[in-house]
Amino acid sequence: MSDVSGHEDGRRNGRMPSLGPVREPQAQSSRRRRLGLVGAVTAAFVAGAVVGPMVAVPGIQAWAQESGRAETYRLLNLFGDVFERVRAEYVEPVTDRDVIENAINGMLQGLDPHSSYMNPRSFRDMQVTTRGEFGGLGIEVTQEGGFVKVISPIDDTPASRAGVKPGDLITHLNGQTTQGLSLQDAVEQMRGERGSSIRLTIRREGEARPVEISLTRDVIRPQVARFRLEGNDVAYIRLSSFNEQTEGALRRAMTTMRGQAGNTLRGLVLDLRNNPGGLLDQAVQVTDDFLDQGEIVSTRARRPEDAQRWNARPGDIAQGLPIVVLVNSGSASASEIVAGALQDHRRAIVMGVKSFGKGSVQTVMPIPGNGAIRLTTARYYTPSGRSIQATGIEPDIEVLAARPDPNGSRERDREADLRRALRNNDGERTTETTPPAPPLPPLNLPAGVLDRVVRAPAEGAPTFDPTKPETDHQLQQALQLLRNIAAAPAPQRRVQR
């Protein structure tokens, strides 16, 4: 802890007393530790009160500061009391770090569903996820029977080149059993610096003896953009998340399919279903790839001066081709930024069902040596000024993935169903301050095109199978819509804001 000069418990020796065990009578020791804890935390409040700006009548301001400070001291004393009771009397011994980290996490999670504390390990995992690349072997794994089971090796990785197969059970890592390890622990052991080695012991069906494989780790980049041509005339791109690799992968996918199709492309399906979001800057860049001008998204924070706005630059990688964006209740955050911006500019038709409704921005704030906090710092708004917090993006054309359940089974939770979810502020706007968002312009599609869209699969239609695109009703309706637009005699008009 840092020194706090002048504080009652810090004057004696120039530093704060330790919170660890000391050789003193328990009551006196407990009181000193609690005062030390309170002193360390409240020193910042005292300093802030001294240097903070003074407004209104000085006497009233000073009284308000003293009153607020006294309440803060009282509450911090309460925290110290509870902390000591837990340390001394919980049924099993607990470490100070665990108790404090849980308290911090409880404080943050009590604000909203998306604020939280990340210990150093969780922070490292988050960084790996957002980078979109890591040193490892290139296998997707799960846990079965206490061992690590291979779901699939990723193409062109050390695992696939060494002959690791789906269904393999990894029983040992460098001679140490994986039984009893959590899946996260096993994954961490398999990851590592590029060029480092690891030995896997595998139990494989049909093999009498365990298989020993030595692998050298390499840089692994999970496929964030999956793409293919549908019928040689429609480009299909599915984005699974928004990490540091997403926008580059999108551009490569579009370039590849243009080379394959030549001049026969009629449109693009951008599939954002079940995409939970990710990095704000990647959502902005992906949207910018399809817009020539105009606002992409804006954010509004607690202080008006912290508001931000992002605008598109010239250049459309789809070169004006009509676009359908597929969304569902699993499309959240960054996915909703992309869908909302393309919808507001009428650059794309949004199809599917209403999205998740996460319209808030989280900032990751590292705490040196102690992980980081993820704190909700702003709400974001689409170009027309809509907040989708707790409401979601309403599709232009509703198309269901399956027939409605006659038993009325409950849909998956959305943002509005989460405890402590932020409310949507749009209903509180006044015409004198911020006018309500204007209605979106009409789709302006060729006559008869919308009439051919089928809202739900036919009775008896095959169950959706992700390996068989023909069973994906939403995708098939998007393909048909794009082909009908291309075949219409009058070209589609694009409305720009």
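Keep in mind that this is a model prediction, so the values were computed, not measured.

**Describing the overall build of the protein chain**
Thinking step 1. Looking only at helices and strands, the protein chain has 10 helices and 19 strands in total.
Thinking step 2. Per-residue burial over the protein chain gives 41% buried out of 497 residues.
Thinking step 3. For the protein chain, long-range pairs separated by at least 24 residues make up 70% of all intrachain contacts whose partners lie at least 6 apart in sequence.
Thinking step 4. Summed over all atoms, the accessible surface of the protein chain reaches about 27,200 Å², with 51% contributed by carbon and sulfur.

**Points about the sheet that holds strand β12 (residues 267-271)**
Thinking step 1. Strand order in this open sheet of six strands is β10-β11-β12-β15-β16-β19, and the pairing throughout is mixed. The open sheet is flanked by β10 (225-230) and β19 (397-398), the only strands paired with a single partner.
Thinking step 2. Sheet topology note: the strand β16 (residues 348-352)/β19 ladder contains two bridges and is parallel. Counterpart to Gly352 in the pairing with β19 is Glu398.

**Here we look at the packing of helix α8 (residues 280-288) against helix α9 (residues 334-344)**
Thinking step 1. Interaxial distance between α8 and α9 falls to 9 Å at its minimum, and their mutual angle equals 30°. As far as their axial angle goes, α9 and α8 are roughly parallel. Of the two elements, α8 crosses α9, and the hand of that crossing is right-handed. Where α8 abuts α9, its residues Leu280, Ala283, Val286 and Thr287 lie against Ala334, Ile337, Val338, Ala341 and Leu342.
Thinking step 2. Among the residues forming the contact of α8 with α9, the class breakdown is eight nonpolar, one polar and no charged.

**Overview of the nonpolar core**
Thinking step 1. Core analysis: the largest hydrophobic core is formed by 43 residues, its most contacted members being Ile237, Leu270, Phe290 and Val325.
Thinking step 2. Setting aside chain neighbours within four positions, we find Leu270 in contact with Ile237, Leu239, Leu250, Phe290, Val324, Val325, Leu326 and Val338.
Thinking step 3. One finds Ile349, Ile397, Leu475 and Ala478 within the second-largest nonpolar core, a separate group that totals 19 residues.

**Quick look at the pairing of strand β14 (residues 308-311)**
Thinking step 1. One ladder, built from four bridges, connects strand β13 (residues 295-301) with β14; its direction is antiparallel. The residue of β14 that forms the bridge with Glu295 is Asn311.
Thinking step 2. Taking the residues that link successive antiparallel strands as the turn, the β13-β14 hairpin has six residues.

**A few points about the environment of Ala447**
Thinking step 1. Mapped onto the elements, Ala447 comes out in the loop between β19 and α10 (473-487).
Thinking step 2. Residue classification places Ala447 among the exposed positions, given a relative accessible area of 77%.
Thinking step 3. On a C-alpha basis, the gap between Ala447 and Ile485 in space is 9.4 Å, while along the polypeptide they are 38 residues apart.

**Topic: the packing of aromatic side chains**
Thinking step 1. Applying the stated criterion to the full structure yields one aromatic pair.
Thinking step 2. Seen from the ring of Phe134, Arg191 lies directly overhead, with NZ or CZ sitting 4.2 Å from the centre.
Thinking step 3. In this structure, Arg300 is placed above the aromatic ring of Tyr381, and the distance from its NZ or CZ to the ring centre is 3.8 Å.

**A few points about the packing of helix α7 (residues 246-261) against α8**
The description of two helices packed together rests on the angle between their axes and the distance between the axes.
Thinking step 1. Orientation of α7 relative to α8, taken along the N-to-C sense of each, is 25°, at an axis distance of 8 Å. In terms of orientation, α7 lies roughly parallel with respect to α8. Of the residues in α8, those in contact with Thr246, Glu247 and Leu250 of α7 are Gln282, Gln285 and Val286.
Thinking step 2. Looking at the contact of α7 with α8, its residues break down into two nonpolar, three polar and one charged.

**Some remarks on the pairing of β10**
Thinking step 1. Taken together, the six bridges between β10 and strand β11 (residues 234-239) define a ladder with antiparallel strand orientation. By the bridge assignment for β11, Glu230 is matched with Val234.
Thinking step 2. Between β10 and β11, which pair antiparallel in sequence order, lie three residues; one of them, Gly231, sits at a positive phi of approximately 65°.

**Section: the confidence of the model for the protein chain**
Thinking step 1. Taken over all residues, the pLDDT of the protein chain has a mean of 84, while the share at 70 or more is 82%.
Thinking step 2. Residue range residues 1-56 is modelled with pLDDT below 50. Its contacts to residues more than four positions away, or to other chains, number 55 contacts.

**Observations regarding α8**
Thinking step 1. For α8, the set of buried residues is Gln282, Ala283, Val284, Val286, Thr287 and Asp288.
Thinking step 2. Looking at the buried positions of α8, the neighbouring elements they touch are β11, α7, β13, β14 and α9.

What counts and how
- Residues numbered from 1 in each chain as written.
- Predicted model: local features only at pLDDT ≥ 70, side-chain atom pairs only at ≥ 80, totals over all residues.
- Heavy atoms only, no water.
- Helix = DSSP H or I, 4+ residues; strand = E, 2+ residues; numbered from the N terminus.
- Buried < 20%, exposed > 50% of the residue type's maximum accessible area, 1.4 Å probe, protein only.
- Contact = heavy atoms within 4.5 Å.
- Areas by Shrake-Rupley, 256 points an atom, 1.4 Å probe, with all protein chains shown as cover.
- Pairing = 2+ DSSP bridges.
- Axes fitted to C-alpha atoms, helices over the stretch in contact; angles between N-to-C directions.
- Parallel < 35°, antiparallel > 145°, perpendicular 65-115°, else oblique.
- Left-handed = near helix turned anticlockwise from the far one by under 90°.
- Nonpolar A, V, L, I, M, F, W, Y, C, P; charged D, E, K, R; others polar.
- Core = buried A, V, L, I, M, F, W, Y, C linked by side-chain atoms within 4.5 Å.
- Phe/Tyr/Trp six-rings, centres within 6.5 Å; stacked < 30°, edge-to-face > 60°.
- Lys NZ or Arg CZ within 6 Å of the ring centre and 35° of its normal.
- pLDDT = per-residue confidence, 0-100.

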